Amino acid sequence: MEKIVSLCKRRGFIFQSSEIYGGLNGLWDYGPLGVELKRNLKNYWWRVMVHERDDVVGMDGSILMNRAVWKASGHEETFSDPMVDCRSCKARLRADQVIDKKGVRQCPNCGGKDLTEPRAFNLMFKTYVGATEDESSMTYLRPETAQAIFVQFKTVLEVSRKKLPFGIAQVGKAFRNEINPRNFTFRSREFEQMELEYFCRAEEGMLLLDYWLKERLKFYERIGISRGKLHVREVPEEERAFYSKANYDIEYDFPFGLQELEGVAYRTDYDLSQHQKASGKSLEYFDEETKQKFIPHVVEPSAGVDRTVLALICEAYAEDQAPDEKRKMETRVVLRFHPRMAPIKCGIFPLLKNNAQLVEKAKEIVDLLRPHMYVFYDESGAIGRRYRRQDEIGTPFGVTVDFETLGEKDATLRNTVTLRDRDSMKQRRVAIGELAGTLLADIT
Ligand code: GAP
């Protein structure tokens, strides 16, 4: 993890938030490359979950909502972690972190045994809407995106004219005042979720839960996370919310252990029923065929953007051996991102920066590829160094414009370039006219 965290900072993937002021625990900023990686992930999720399906539509709800939403959903009452204070070192600990030595509770920080009883600590951030700061103007930053989908269920159903089963997808920020943010971005206080609420009839719920688990596993493989690093955990009843009939966690084998990437949960009709009861507005579905009215059930695949980005980086990080300028083998750090996810798709290099013809041709290629993908032009330093810099940030392809491109030695090679593959480091000649098509086949 140390190597990954340091690479992330050095190459502009992820930095500590407010760093010049000493940072703020559990909060992170994504730099120029991190933001590209994150966008590629979110866009691909949207493509697979919304655009490539007839039965899902999207929405983008507000982060602040009426406090009544959080009362009805149960978050105000129960979205909490049990906490214990150590009276000796004053540390506040999650109850499950307290060491139990033969029935005696001990502080993991100082070893002290003078601990308070567990007390509930709500994870939602409070805020006030409007000029006055009192109970009547208070609400919370949303701790999940799902509730906006539930409260707009009826409106979206009407405007989209969908029939059951159908889903509403959303990607957006969520906030939790985590007691113990840790493992880099894994447990943050501000993060993004990619959530689908898939509404169905009660009798379809269990089958759809298994369907969505399979779909979501396929998704991870399609972004380059190997199946061998994923683990499916069936969440036992005692760990599930009382309304949840079944629940899978998709876990990834991070360097710090097997940890949850995504939850695929069968939430029954709990959320819609709660909002119908609390708001007094009908959230029922009318079945044209049977003429029955009922509250749909819901299956929810809920993934974390930041956790998936971290998994992508962990999965991609590799060190191998490659020849340096003098053909001596050296250690190469390479991020083997799937080309779909890679922040930059192609590096474009004129062999020499002081040759006007090479530079001009390379810039023509930049203009040719730019409408299709994010490319990076680099003319500084030896070509091997330029390749290495791109390897380290996971750019899957490198195009070099050389004297062959100008047709100086062999006229048949005019307007061809060297296309280098990041992983195999193999090079082949490709006609400039075929470049976009060749690269697009891998990155889309
Ligand atoms: N709507 C259901 C829901 O929010 P969750 O298991 O609490 O369920 C879903 O969260 C996903 O959101 C998690 O699997 C994880 O990927 C991400 N997530 C939750 N808390 C997080 C945190 N503190 N930091 C980063 N990601 C988090």
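Residues numbered from 1 in each chain as written. Predicted model: local features only at pLDDT ≥ 70, side-chain atom pairs only at ≥ 80, totals over all residues. Heavy atoms only, no water.

K.L.:
Please set out the site of the ligand residue by residue, giving values where relevant.
P.N.:
Around the ligand, a shell composed of 20 residues is seen, among which Glu-144, Ser-188, Glu-195, Glu-260 and Leu-261 lie nearest. Within the side chain of Glu-260, an N or O atom sits 2.6 Å from an oxygen atom of the ligand. At 3.4 Å from a nitrogen atom of the ligand is found a side-chain nitrogen or oxygen belonging to Arg-267. Computed on the free molecule, the ligand has an accessible area of 550 Å², of which 89% lies beneath the protein chains in the complex. (Near = heavy atom within 4 Å. Polar contact = N/O pair within 3.5 Å; in protein donor to acceptor, adjacent residues only side chain to side chain. Areas by Shrake-Rupley, 256 points an atom, 1.4 Å probe, with all protein chains shown as cover.)

K.L.:
An account of empty space enclosed by the protein is requested, with residue identities and associated values reported.
P.N.:
In this structure the tally under the stated criterion is two cavities of 30 Å³ or more. The calculated volume of the largest cavity comes to roughly 40 Å³. Phe-349, Tyr-387, Gln-390, Asp-391, Thr-395, Pro-396, Phe-397, Gly-398, Arg-420, Asp-421 and Arg-422 are the residues that line the largest cavity. In terms of residues, the lining of the largest cavity owes the most to one element, helix α11 (residues 383-393), which gives three residues. A per-class count over the lining of the largest cavity returns four nonpolar, three polar and four charged. Counted as a void, the second largest cavity has a volume near 30 Å³. As for the second largest cavity, its lining consists of Pro-323, Asp-324, Glu-325, Glu-330, Gly-384, Arg-385 and Arg-388. Ranked by residue count, the leading element in the lining of the second largest cavity is α11, at three residues. Within the lining of the second largest cavity, the residues separate by chemical class into one nonpolar, one polar and five charged. (1 Å grid on protein atoms, 1.4 Å probe; cavity = no way out; pocket = protein on both sides within 12 Å on 5 of 7 lines; lining within 4 Å. Points joined across faces, edges and corners; volume = space filled by probe spheres on them. Helix = DSSP H or I, 4+ residues; strand = E, 2+ residues; numbered from the N terminus. Nonpolar A, V, L, I, M, F, W, Y, C, P; charged D, E, K, R; others polar.)

K.L.:
Go over the packing of aromatic side chains with me, naming the residues and quoting the values.
P.N.:
The description of an aromatic ring pair uses the distance of the two centres, along with the angle that the planes make with each other. Per the counting criterion, the structure on display carries 20 aromatic pairs. Plain terms: the ring middles of Phe-186 and Phe-254 are 5.4 Å apart, the flat faces sit at 75 degrees to each other, and that makes the pair edge-to-face. Residue Phe-186 is found in the loop between β11 (166-175) and β12 (190-200), and its partner Phe-254 is found in strand β14 (residues 246-254); the two are separated by 68 residues along the sequence. Overall, the relative accessible area of 4% leaves Phe-186 in the buried class. In this structure Phe-254 comes out as buried when scored by relative accessible area, which is 2%. Judged by centre distance (5.4 Å) and plane angle (80 degrees), the rings of Phe-242 and Tyr-243 are edge-to-face. Overall, the relative accessible area of 71% leaves Phe-242 in the exposed class. Linked through ring pairs, Phe-150, Phe-153, Phe-166 and Phe-199 together constitute an aromatic cluster. Its end group placed over the ring of Phe-219, Arg-216 keeps NZ or CZ at 4.3 Å from the ring centre. For Arg-420, the ring lying beneath its charged end belongs to Tyr-387, and the centroid distance is 4.3 Å. (Phe/Tyr/Trp six-rings, centres within 6.5 Å; stacked < 30°, edge-to-face > 60°. Buried < 20%, exposed > 50% of the residue type's maximum accessible area, 1.4 Å probe, protein only. Lys NZ or Arg CZ within 6 Å of the ring centre and 35° of its normal.)

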